[in-house]
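Understanding the architecture of this molecule
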Amino acid sequence: MLSKNIETALNKQIRIEAESSQVYLSMACWAEVQGLEGVAQFMYRQSDEERMHMLKLIKYVNERGGHASITDLKAPKAVFGTFKEMFTELYQHELFVSNSINELVHVAFDEKDYATHNFLQWYVAEQIEEEAQAKTILDKINLIGDDKGGLYLFDRDIQQITVTSSVGINK
Ligand code: FEO
């Protein structure tokens, strides 16, 4: 049985994962209308991943005697100045999520809820992968700069980046 404190903390994370899914869906739309199909597909997949992160938490809360709450969500940004700006935001967002997971682990430990602490280790490992992947992509974008030809090739190659830098992406 989850304590109220843990239930509240997990529900907060459910909302963060749901909002992450929306953030990447919005990035997918922007990339798609800009004509970068590879980037758009990558973002659609990221959005699906976040939804999966959310569902895993929802099921855990409900199975442990809590009640997962489905709330309204903050609207994500719809337009980005450049691809570099968009990928910088993706990286910053993943750092924010990692921080939030760390706090959650801390709460579970404080409450001596070792089952939740154990459950959260999957998220700790996942965040290492997500951060590494976002950083790899951002490094590439920084190398390309404003070069249109480079961006075209990047759009083609991003599928490959996701496969080689992260085993988590296609789960
Ligand atoms: Fe669910 Fe990208 O963290």
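Residues numbered from 1 in each chain as written. Predicted model: local features only at pLDDT ≥ 70, side-chain atom pairs only at ≥ 80, totals over all residues. Heavy atoms only, no water.

What follows is about the packing of aromatic side chains. Counted under the stated rule, the structure contains eight aromatic pairs. Their ring planes at 45° and their centres at 4.8 Å tell us that Trp30 and Phe83 sit as a pair that is tilted. Taken together, the residues span a long stretch of sequence, with Trp30 in helix α1 (residues 4-33) and Phe83 in helix α3 (residues 83-110) at a distance of 53 residues. The burial state of Trp30 is the same as that of Phe83; both residues are buried. The interplanar angle of 75° and the centroid separation of 6.2 Å between the aromatic rings of Phe109 and Tyr114 together place this pair among those described as edge-to-face. Since its relative accessible area comes to 48%, Tyr114 is described here as partly exposed. Pairwise contacts between aromatic rings join Tyr60, Phe119, Trp122 and Tyr123 into one cluster. Over the aromatic face of Trp122 sits the side chain of Lys56, whose NZ or CZ is 4.4 Å from the ring centroid. (Phe/Tyr/Trp six-rings, centres within 6.5 Å; stacked < 30°, edge-to-face > 60°. Helix = DSSP H or I, 4+ residues; strand = E, 2+ residues; numbered from the N terminus. Buried < 20%, exposed > 50% of the residue type's maximum accessible area, 1.4 Å probe, protein only. Lys NZ or Arg CZ within 6 Å of the ring centre and 35° of its normal.)

Next up on the list: the environment of Lys74. Tracing the backbone through its elements, the reader meets Lys74 in the loop between α2 (37-63) and α3. For Lys74, a relative accessible area of 61% puts it in the exposed group. Between the C-alpha atom of Lys74 and that of Ser21, which follows or precedes it by 53 residues, the distance is 11 Å.

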